[in-house]
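Each chain is listed here by its residues.
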Amino acid sequence: MRTEQPKMIYLKDYQAPEYLIDETHLTFELFEDHSLVHAQLVMRRNPARGAGLPPLVLDGQQLELLAVTLADKELSADDYQLSENHLTLQPTSETFTVDTSVKIHPETNTALEGLYKSGTMFCTQCEAEGFRKITYYLDRPDVMSKFTTTVVAEQHSYPVLLSNGNPIASGPGEDGRHWATWEDPFMKPAYLFALVAGDLWCVEDTFTTMTERTVALRIYVEPENIDKCQHAMNSLKKSMRWDEEVYGREYDLDIFMIVAVNDFNMGAMENKGLNIFNSSAVLARAETATDAAHQRVEAIVAHEYFHNWSGNRVTCRDWFQLSLKEGFTVFRDSGFSADMNSATVKRIQDVAYLRTHQFAEDAGPMAHAVRPDSFIEISNFYTLTVYEKGSEVVGMIHTLLGAVGFRKGSDLYFDRHDGQAVTCDDFIKAMEDANGVDLTQFKRWYSQAGTPRLAVSESYDAAAKTYSLTFRQSCPETPDKVEKLPFVIPVELGLLDSKGNEIALRLAGEASAQGTTRVISVTEAEQTFTFVDISEQPLPSLLRGFSAPVKLSFPYNRDQLMFLMQHDSDGFNRWDAGQQLSVQVLQELIAQQQKGESLVLDPRLVSALRTVLSDESLDQAMVAEMLSLPGEAYLTEISEVADVDAIHIAREFARKQLADNLFEGLWLRYQANRDLSKKTPYVAEAEHFARRALQNIALSYLMLSGKPEVLAAALEQFDTSDNMTERLTALAVLVNSPFDEQKDQALASFAEQFKDNPLVMDQWFSVQAGSTLPGGLERVKALMQHPAFNIKNPNKVRALVGAFAGQNLINFHAADGSGYRFLADLVIELNGFNPQIASRQLAPLTRWRKYDSARQALMKGELERIRASGQLSSDVYEVVSKSLA
Ligand code: TRP
Ligand code: ZN
């Protein structure tokens, strides 16, 4: 744990490195009670920094320095300075080598950063600043080097020795040990370094690239998981093909490896040629992983693979530019997932997630721009804003330039900056230069935090046959206190006539109409667009496909929203109209609950959803999405002051009313789909995901009826289905039901069957942590004593504590503050051994401003208790202090 005060780092202070490292030669000697790392760095003065030889300041943390040699001369303690985070040497010539030997302790590394052990295997996680916990180095992304790595370990326990690049030599050593040397021909920053040693099996395949090169593909896992790799392998091959076809990007090494590890702080890591994955992001087969898990594996495999170009070949100059690689790569993986599955459904899911979680982050104390201008701990900035909003920003460029223009821009970007460490400005510049456009104002999306609001009003002039839309944009204040200037907001829109047909769109001043859906750019604080030749009052369909990450408001009434649900030609907006209708109806119920009135559901919501449910022509996945009411977290986000209890009661009331009123239709759809599922072997493809999605949402509604035939159906589905998607939904509806005996039996049999599969047990924990029945906290506390729980394993913490605090709002926000106290205790404990996870689990407490004054006081009290709890990591310190500021 640190002892120096955490300090703020500013983008404006960026300076190029004083020295460069042309070559990095590493030797790792792995032992059970320590490891030795020898590094030879071939260095030179950075010519860009001019003349003179300033001190060389190498980063290093928690390293025991054994020896250091500068220009072949072993130094004594007087020749260098050693501090908690640095080793400082004085070079005496422009070019020189530095050799260091250090001792480190992967076997006790619980922070899962640097070199650590996951189970019996050694692995690394170096992004963002983990390499400095392995050896003394210039641990910054603009220092790129050619790496050669030798790993030496005991042969029997660690038969597989991996690092980046190509294997060039290997052989036996002394005392039952062996070694392997890997060479990565591509220059890379240290954060992309990786090493793995373990007793692993692998699934092998090959890929033939667009220039007919054969690439060996290997997925390494622990032996018991060898039967769960095929889906990831298929996803990898599809990703490689897609990146060639859509972006013209070919893979560059002769081998591409993925290793699955059980203990991992995030989803996965794009280390050059050697991706390291959380096992939850690799392993998937029908019996153990849900459809959602299969889709997540496909997306993460693609994401990490795509980083080979957007991140590795072209990397970030500094960590303020993180969205350069993450926003762009999320945009790329979303496009891939859209092409592999249903594009509209993918868009709906992404937007629902963004609006619920990123909008909340952007309105809270940790709000920051897509390119932040300061941070204390970079690990805290792997955020929804950098990833998801960053992707939306790239998506807006795509919308503004069109697919062809965007591709010209990305080609120029990759070509111009191959092998370089660059900035978001360089990305924009390539887009500008390739298309002859000026994106100066657009760049405010990178520097201004907060979710813009876009209020739209209309006016129709029947005599002149003109229709005007007036847009007013504003952006709420955020902690960075930057003055907000107008954004460039691309608004894709259409106009519907009274029959639901699309109207040709001709703006005043244009010679002719330009289609029925088009993109206009709102660039001013207030701006009016007038359409001509409009012969009747139209209904606008605004922000089609969610063309900008803004909060749009237009005074639609409920009948108009129902009309859009049926007639809008844009599938996303049909869904969104349904969401807006649901929000209006739910907010009315919330108000009734708050006033102590009896709750009355607007029958229009029932009839709108009945129409959806009976429409056999709709994609079933769309039907499932449209039947899903906005979640409690989203209703919280859009509330001025969130009334936890009223939101929960209102939403549950609406669900029960819908279940009762739509029982027949739901039951028919359920039975038809369940029958088909019984007859069809599991296939991880869109059409099958869609069938099961509708089947499962129908079951969760039906179960609210409490009818015995539904209970029987749930039990039948639980007992006999051959896949986790159906089984887990059946378990979830039982767990949330009043049928205690059946619930307990199902939970017990599930645990018995899957006790040796940690990823399945994670789902078992999550389902229970998410149960909104009373007593949630006691259940979670009891589950923490279960033998399958392990607080040192991030997946377990996320499955149980994360699911409770993030998804079980009614229990977490218990009025007595018990949920808050529990979470604070946990954060204090996690802070002691895994700061990154501690800081992430803290997020729900940072949202205290959303709640009533009693809850605010309780939440703040817990944040203060964390702050006073002793030695805080920089991760937790930053989040707590910003939340209380
Ligand atoms: N670059 C990784 C990604 O693709 C993010 C990541 C993986 C990460 N592991 C991490 C970030 C640990 C910080 C710490 O998204
Ligand atoms: Zn990434």
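Residues numbered from 1 in each chain as written. Chains lettered and ligands numbered in written order. Predicted model: local features only at pLDDT ≥ 70, side-chain atom pairs only at ≥ 80, totals over all residues. Heavy atoms only, no water.

Trainee: Mind showing me how you'd approach the overall build of the chain here?
Mentor: Regarding its fold elements, the chain presents 27 helices and 32 strands. Radius of gyration (C-alpha) of the chain: 28 Å, near the 29 Å computed for a compact globule of 885 residues. Once the C-alpha set of the chain is aligned to its principal axes, its extents read approximately 85 × 70 × 60 Å. Taken across its 885 residues, the chain has 58% of its residues classed as buried. Counting every atom, the chain has about 33,200 Å² of accessible surface; 50% of that belongs to carbon and sulfur. (Helix = DSSP H or I, 4+ residues; strand = E, 2+ residues; numbered from the N terminus. Rg over C-alpha atoms; globule rule 2.2 N^0.38 Å. Buried < 20%, exposed > 50% of the residue type's maximum accessible area, 1.4 Å probe, protein only. Areas by Shrake-Rupley, 256 points an atom, 1.4 Å probe, with all protein chains shown as cover.)

Trainee: Would you mind showing me how to read the coordination of the zinc ion (ligand 2) here?
Mentor: In an ideal tetrahedron of four donors about a metal, each angle is 109.5 degrees. In an ideal octahedron of six donors, the angles are 90 or 180 degrees. Coordination of the zinc ion (ligand 2) by the protein is provided by H303 (NE2), H307 (NE2), E326 (OE) and E326 (OE), with metal-donor distances spanning 1.9 to 2.7 Å. Given six donor atoms and angles of 46 to 160 degrees at the metal, the environment of the zinc ion (ligand 2) is assigned as irregular. Here the donor residues for the zinc ion (ligand 2) map to a single chain with the spacing H-x3-H-x18-E. Residue classification places H303 among the buried positions, given a relative accessible area of 8%. (Donors = N, O, S within 2.8 Å, 3.2 Å for Na, K, Ca; no water. Tetrahedral: all angles 85-135°; square planar, octahedral: opposite > 155°, others 65-115°.)

Trainee: Even after reading the chapter, I still don't get the packing of helix α11 (residues 620-627) against helix α15 (residues 686-702), so can you show me in this structure?
Mentor: To characterise two packed helices, one gives the angle between the axes of the helices and the distance between these axes. Running from amino to carboxyl end, α11 crosses α15 at an angle of 30 degrees, the nearest separation of the two axes being 7 Å. Taken together, the axes of α11 and α15 are roughly parallel relative to one another. Crossing hand, α11 versus α15: left-handed. Contacts between α11 and α15 involve Q620, A621, V623, A624 and L627 from the former and A690, R691, A693, L694, I697 and Y701 from the latter. Grouping the amino acids of the contact of α11 with α15 by side-chain chemistry returns nine nonpolar, one polar and one charged. (Axes fitted to C-alpha atoms, helices over the stretch in contact; angles between N-to-C directions. Parallel < 35°, antiparallel > 145°, perpendicular 65-115°, else oblique. Left-handed = near helix turned anticlockwise from the far one by under 90°. Contact = heavy atoms within 4.5 Å. Nonpolar A, V, L, I, M, F, W, Y, C, P; charged D, E, K, R; others polar.)

Trainee: What should I look at first to understand the pairing of strand β13 (residues 160-163) in this one?
Mentor: Two faces, one strand: in a regular strand the side chains alternate between the faces of the sheet. Burial of β13 is two-sided: the residues V160 and L162 facing one way and the residues L161 and S163 facing the other way are all buried. When β13 meets strand β17 (residues 195-198), the two strands line up antiparallel, connected through four bridges. In the strand pairing of β17, V160 is matched with G198. (Pairing = 2+ DSSP bridges.)

Trainee: Explain the sheet that holds strand β18 (residues 201-208) here, please?
Mentor: In a beta sheet, neighbouring strands are held together by backbone hydrogen bonds and run either parallel or antiparallel to one another. Strand order in this open sheet of five strands is β18-β19-β20-β22-β21, and the pairing throughout is mixed. Of all strands in the sheet, those with a lone pairing partner are β18 and β21 (268-269), marking the two edges. Strand direction decides the pairing type here: β21 and strand β22 (residues 274-278), joined by two bridges, are antiparallel. Each bridged residue has a counterpart across the sheet, and for A268 the counterpart in β22 is F277. Sitting on the sheet, helix α2 (residues 291-306) touches β20 (255-261), β21 and β22, and the angle it makes with β22 is about 150 degrees.

Trainee: What's the story with the state of the cysteines in this structure? I'm lost.
Mentor: Simply put, disulfide is the name for a covalent bond between the sulfur atoms of two cysteines. Applying the stated rule across the entire model yields zero disulfides. No disulfide involves C126; its sulfur sits 10 Å from the nearest other cysteine sulfur, which is in C123. (Disulfide = S-S within 2.5 Å.)

Trainee: Got a minute to help me understand the side chain of Q763 in this structure?
Mentor: Relative to the assigned elements, Q763 resides in helix α19 (residues 758-769). Residue Q763 is classed as buried on the basis of its relative accessible area of 15%. A polar side-chain atom of Q763 sits 3.4 Å from the main-chain carbonyl oxygen of L759. Residue contacts for Q763: discarding those within four places in its chain leaves T288, T290, M724 and L728. (Polar contact = N/O pair within 3.5 Å; in protein donor to acceptor, adjacent residues only side chain to side chain.)

Trainee: So what exactly am I meant to see when it comes to empty space enclosed by the protein here?
Mentor: Rolled over the atoms, a probe sized like a water molecule indicates the empty space that remains. On inspection of all chains with the given rule, the structure shows three cavities of 30 Å³ or more. When its volume is computed, the largest cavity comes out at roughly 50 Å³. V330, S334, R347, D350, L354, E388, S391 and E392 are the residues that line the largest cavity. Of all the secondary structure elements, the ones that give two or more residues to the lining of the largest cavity are α3 (322-340), α4 (343-362) and α5 (384-417). Among the residues forming the lining of the largest cavity, the class breakdown is two nonpolar, two polar and four charged. (1 Å grid on protein atoms, 1.4 Å probe; cavity = no way out; pocket = protein on both sides within 12 Å on 5 of 7 lines; lining within 4 Å. Points joined across faces, edges and corners; volume = space filled by probe spheres on them.)

Trainee: Is there a simple way to explain the nonpolar core in this structure?
Mentor: Soluble globular proteins: nonpolar side chains tend toward being buried together. Counting 278 residues, the largest nonpolar core has F427, F471, L731 and L845 as the members making the most contacts within it. Sorting elements by how many residues they give to this core places α5 first, with ten residues. Once you skip the residues sitting within four places of it in the chain, L845 turns out to touch F812, Y820, L823, A824, M859, E862, L863 and I866. (Core = buried A, V, L, I, M, F, W, Y, C linked by side-chain atoms within 4.5 Å.)

Trainee: Would you explain the site of ligand 1 in this entry?
Mentor: Around ligand 1, the structure places 15 residues, and the nearest of them are E127, A268, E270, E304 and Y387. E127 places a polar side-chain atom, nitrogen or oxygen, 2.5 Å from a nitrogen atom of ligand 1. Interatomic distance of 3.3 Å between a side-chain N/O atom of H307 and an oxygen atom of ligand 1. Protein contacts shield 97% of the accessible area of ligand 1, which totals 360 Å² for the unbound molecule. Of all elements in the fold, only β21, α2 and α3 reach the threshold of two or more residues within the shell around ligand 1. Class assignment of the residues belonging to the shell around ligand 1 gives a composition of six nonpolar, four polar and five charged. (Near = heavy atom within 4 Å.)

Trainee: How should the pairing of strand β30 (residues 526-531) be read in this particular structure?
Mentor: Because side chains alternate across β30, one face comprises the buried residues Q527, F529 and F531, and the other comprises E526, T528 and T530, none of which is buried. Two elements, strand β27 (residues 466-474) and β30, share six bridges in a ladder whose sense is antiparallel. Along β30, the bridge assignment pairs R472 with E526.

Trainee: How should I be thinking about the packing of α15 against helix α17 (residues 724-735) in this particular structure?
Mentor: Taken N-terminus to C-terminus, the directions of α15 and α17 make an angle of 10 degrees; their axes are 10 Å apart at the nearest point. Viewed along their axes, α15 and α17 adopt a mutual orientation that is roughly parallel. For the pair α15 and α17, the sense of crossing is right-handed. Residue-level inspection shows R692, Q695, N696, L699 and S700 of α15 in contact with α17, the latter providing T725, E726, T729, A730 and V733. Here the contact of α15 with α17 is composed, by residue class, of three nonpolar, five polar and two charged.

Trainee: Can you help me understand the sheet that holds strand β28 (residues 489-496) in this one?
Mentor: Across the sheet, which stays open at both edges, the three strands sit in the order β29-β28-β31 with antiparallel pairing between neighbours. Each of the sheet's edge strands pairs with one partner strand only, and the pair in question is β29 (518-522) and β31 (539-542). Going across the sheet, the axis of each strand differs from the next one's by a mean of 40 degrees, ignoring polarity. Pairing geometry for β28 and β31, over four bridges, is antiparallel. Paired with G494 across the two strands is S541, which belongs to β31.

Trainee: Would you explain unusual backbone geometry in this entry?
Mentor: It is generally the case that most residues other than glycine have a negative phi and that most peptide bonds are trans. The step from E127 to A128 runs through a cis peptide bond, and the omega angle for that step is -5 degrees. Here A128 lies in the loop between β11 (121-125) and β12 (144-154). Phi at D72 is positive, roughly 70 degrees, even though this residue is not glycine. The backbone phi angle of K465 is positive, close to 55 degrees, even though this residue is not glycine. Position of K465 relative to the elements: it lies in the loop between β26 (453-461) and β27. Residue K465 is classed as partly exposed on the basis of its relative accessible area of 40%.

Trainee: I keep staring at the pattern of salt bridges and nothing clicks. Help me out?
Mentor: It is possible for side chains of opposite charge to pair when their charged atoms get near one another. Summed over the entire model, instances satisfying the criterion amount to 66 salt bridges. In this structure, the salt-bridge partner of R132 is E129, at a minimum N-O distance of 3.6 Å. Of the charged contacts, one joins E588 and R558 as a salt bridge, the two residues approaching to 3.2 Å between their closest N and O atoms. Here E588, found in helix α9 (residues 571-594), pairs with R558, found in helix α8 (residues 558-567); they are 30 residues apart in sequence, far enough to count as distant. The exposure class of E588 is partly exposed, given its relative accessible area of 30%. (Salt bridge = Lys/Arg side-chain N within 4 Å of Asp/Glu carboxyl O.)

Trainee: Is there a simple way to explain the packing of aromatic side chains in this structure?
Mentor: The description of an aromatic ring pair uses the distance of the two centres, along with the angle that the planes make with each other. Overall, the coordinates contain 44 aromatic pairs when judged by the stated rule. On the numbers, 4.7 Å between centres and 35 degrees between planes, the contact of F320 with F375 is tilted. Residue F320 is found in the loop between β23 (315-316) and α3, and its partner F375 is found in strand β24 (residues 374-375); the two are separated by 55 residues along the sequence. Each of the two residues, F320 as well as F375, counts as buried. Here K272 stacks its cationic end above the ring of F186, 4.3 Å away from the centre of that ring. For K792, the ring lying beneath its charged end belongs to F833, and the centroid distance is 5.0 Å. (Phe/Tyr/Trp six-rings, centres within 6.5 Å; stacked < 30°, edge-to-face > 60°. Lys NZ or Arg CZ within 6 Å of the ring centre and 35° of its normal.)

Trainee: What's the story with α15 in this structure? I'm lost.
Mentor: Note on helix geometry: an α-helix contains 3.6 residues per turn, so any two residues three or four positions apart are oriented the same way. In this model, α15 (17 residues) spans 24 Å end to end at C-alpha, consistent with the 24 Å of a helix rising 1.5 Å per residue. Most of α15 is tucked away, with 13 of its 17 residues classed as buried. (Expected span 1.5 Å × (residues − 1).)

In short, shape yes, function no, at least from these values alone.
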